[in-house]
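# Per-entry structural report
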Amino acid sequence: MTQKPTILMLGCFDTKGEIFAFLRDCLLAQRAEVITVNVGVMGSTALFPIEVEANKVCETAGGNLEAIRGKNDRGHAMEVMGSGAAKILADLQKQKKFDGVIGMGGGSGTYVTLKSMQGLPLGMPKICISTLASKDLSDLVGVKDVLLMPSVVDVAALNSIIKPIIQQAAAAIVAMSGVVIPENSATSKRIAISMFGNTSACVDHCTQLLEAEGYEVMTFHANGLGGKAMESLVLEACFAGVLDITTTELADELCGGVCSAGPNRLEAAAQLGIPQVVVPGCMDMVNFGTMESVPEKYKNRQLYSWVPTVTLMRTNEDENKALGEILAKKLNQGLGPTAVLFPVKGLSQIDAAGNVFYNPESTQALSKSIQDNLKSEIPFVNLPFHINDQEFAKAAVEKLWEMMK
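As the structure is a prediction and not an experimental result, all values here were calculated from the model. (Residues numbered from 1 in each chain as written. Predicted model: local features only at pLDDT ≥ 70, side-chain atom pairs only at ≥ 80, totals over all residues. Heavy atoms only, no water.)

### A closer look at the overall build of the protein chain
Helix and strand counts for the protein chain come out as 14 helices and 14 strands. Its C-alpha atoms put the protein chain at 70 × 50 × 35 Å along the principal axes. Taking all contacts inside the protein chain whose residues are at least 6 apart in sequence as the whole, residues at least 24 apart take part in 73%. Carbon together with sulfur atoms contributes 51% to the accessible area of the protein chain, which is approximately 17,700 Å² in total. (Helix = DSSP H or I, 4+ residues; strand = E, 2+ residues; numbered from the N terminus. Contact = heavy atoms within 4.5 Å. Areas by Shrake-Rupley, 256 points an atom, 1.4 Å probe, with all protein chains shown as cover.)

### Overview of helix H1 (residues 17–29)
With 13 residues, H1 extends 18 Å between its outermost C-alpha atoms, agreeing within 8% with the 18 Å of an ideal straight helix rising 1.5 Å per residue. Taken together, the buried positions of H1 are occupied by Gly17, Ile19, Phe20, Ala21, Phe22, Leu23, Arg24, Cys26 and Leu27. In this structure, the buried side of H1 is in contact with strand S1 (6–11), strand S2 (33–38), strand S3 (100–105) and helix H7 (162–177). (Expected span 1.5 Å × (residues − 1). Buried < 20%, exposed > 50% of the residue type's maximum accessible area, 1.4 Å probe, protein only.)

### Here we look at the sheet that holds strand S8 (residues 241–244)
Within the open sheet, the 6 strands sit side by side as S7-S6-S8-S9-S13-S14. Their pairing is parallel. On the outer flanks of this sheet lie strand S7 (216–221) and strand S14 (380–383), each paired with one strand and no other. Geometrically, the sheet is characterised by an average inter-axis angle of 20 degrees between neighbouring strands, direction not taken into account. Sitting on the sheet, helix H9 (residues 225–235) is in contact with strand S6 (190–195), S7 and S8, with an inclination near 140 degrees to S7. Contacts between helix H14 (residues 390–404) and the sheet are confined to S6, S8, strand S9 (276–278), strand S13 (338–343) and S14, with S13 contributing the most and set at about 170 degrees to the helix. (Pairing = 2+ DSSP bridges. Axes fitted to C-alpha atoms, helices over the stretch in contact; angles between N-to-C directions.)

### Details of the sheet that holds S1
Pairing within the open sheet is parallel, and its 5 strands lie in the order S2-S1-S3-S4-S5. Each of the sheet's edge strands pairs with one partner strand only, and the pair in question is S2 and strand S5 (147–150). Neighbour-to-neighbour, the strand axes of this sheet turn through a mean angle of 20 degrees, independent of strand direction. Bridge analysis of strand S4 (residues 126–130) against S5 gives 4 bridges, and the strand direction is parallel. When the bridges of S5 are listed, Ser130 appears paired with Pro150. The strands touched by helix H4 (residues 74–94) are S1, S2 and S3; relative to S1, the strand with the most contacts, the crossing angle is about 170 degrees. Strands in contact with helix H5 (residues 107–116) are S1, S3, S4 and S5; relative to S3, the strand with the most contacts, it is inclined by about 160 degrees.

### Notes on H14
With 15 residues, H14 extends 21 Å from end C-alpha to end C-alpha; this agrees with the ideal 21 Å at 1.5 Å per step. What H14 keeps buried is the set Phe392, Ala393, Ala395, Ala396, Val397, Lys399, Leu400, Trp401 and Met403.

### Considering the packing of H4 against H5
Look at H4 against H5: their axes get within 7 Å of each other, and the N-to-C directions meet at 30 degrees. By the angle class used here, H4 and H5 are roughly parallel. Every pair of crossing elements has a handedness; the one defined by H4 and H5 is right-handed. For the pair formed by H4 and H5, the contact residues are Arg74, Met78, Glu79, Met81, Gly82, Ser83, Ala85, Ala86 and Leu89 on the first element and Ser108, Tyr111, Val112, Lys115 and Ser116 on the second. (Parallel < 35°, antiparallel > 145°, perpendicular 65-115°, else oblique. Left-handed = near helix turned anticlockwise from the far one by under 90°.)

### So, unusual backbone geometry
A positive phi angle, close to 60 degrees, is found at Ala237, a residue other than glycine. Residue position: Ala237 is located in the loop between H9 and S8. Look at Leu266: it is not a glycine, yet its phi comes out positive at around 70 degrees. Positionally, Leu266 belongs in the loop between helix H10 (249–255) and helix H11 (268–272). Look at Leu266 and you get buried, because its relative accessible area is 2%.

Shown next, in the form of structure tokens:
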């Protein structure tokens, strides 16, 4: 490493000044510069210099530190401080003021640390030492590349267990920050594509066609987190085009399935004006866990055990009418080239003639609803193929190329 990296250290310095002082010393021992941001609402520390104090963090979120203290609501305080820290970190990152970020804490410290990292780009090193690291923190981590390190003991005081963990974390964040990631100027040749096991044949053929023409294809599993990750990277302008083959996450959002990507799925490409081909892949199904976990109101519906831990429910005509309206309204807000391709002979591997979810009436209800609600400027193309037919994949790729040109 020829140049000292700058590490941003964030935490509640009001109650954990000593332990953060040790982390800072470890970073300095690794030949790093350190920027400190205090998110502790009850005070500060004199053990080390602080570049961004808690009152600045609070004001950035539109709050007042004295009012926050007077409210005596820990949850509210952490929400405000997390929001303020996220804005400050995002602004400092745009100015290239730091190369990596590290924080640590218990429940509150972990929440603020992870929330503050949400505005940072993929590829920037992020470490959180946490008492909760072994729990499911997927909601807080989101789609960001955060490295969670278990603290094993509470992040409260220095002892012979937590000291080496902090030393290792400091060495790790400095080493990670020293990795040179070349600027990728090939965005014009990068395509995002969404996939499920039930659409993998289509996606595989699309990928082969695209790669043969020199495109880099990034596949996202439409399991909720995959859809969120794709939307997030689209908003970072990482792609020249989107082949949204598998929009099943909309069905899970509507019916309360386990693969929902949230209410903003299918909006990023439209918002940025990035060319996109949209296919209602796997919208014939909603995903649940084990058969026993299916909500009571769906117990009498058509259910299929994909694997013992995944139960699929066939969408009915009413749900498909609603899904068609949802999909169309999202695309109608788009700023760029968009087209909808509809595979008339089936939306998934198991929605094919003779297979368990084959239901032409429900599929037709979805097709009609999309057409009825889609604005006339957006092409809607019925294709006489099954979604996994190679002819359908070829048509989808050629339509995307046409729009990208």
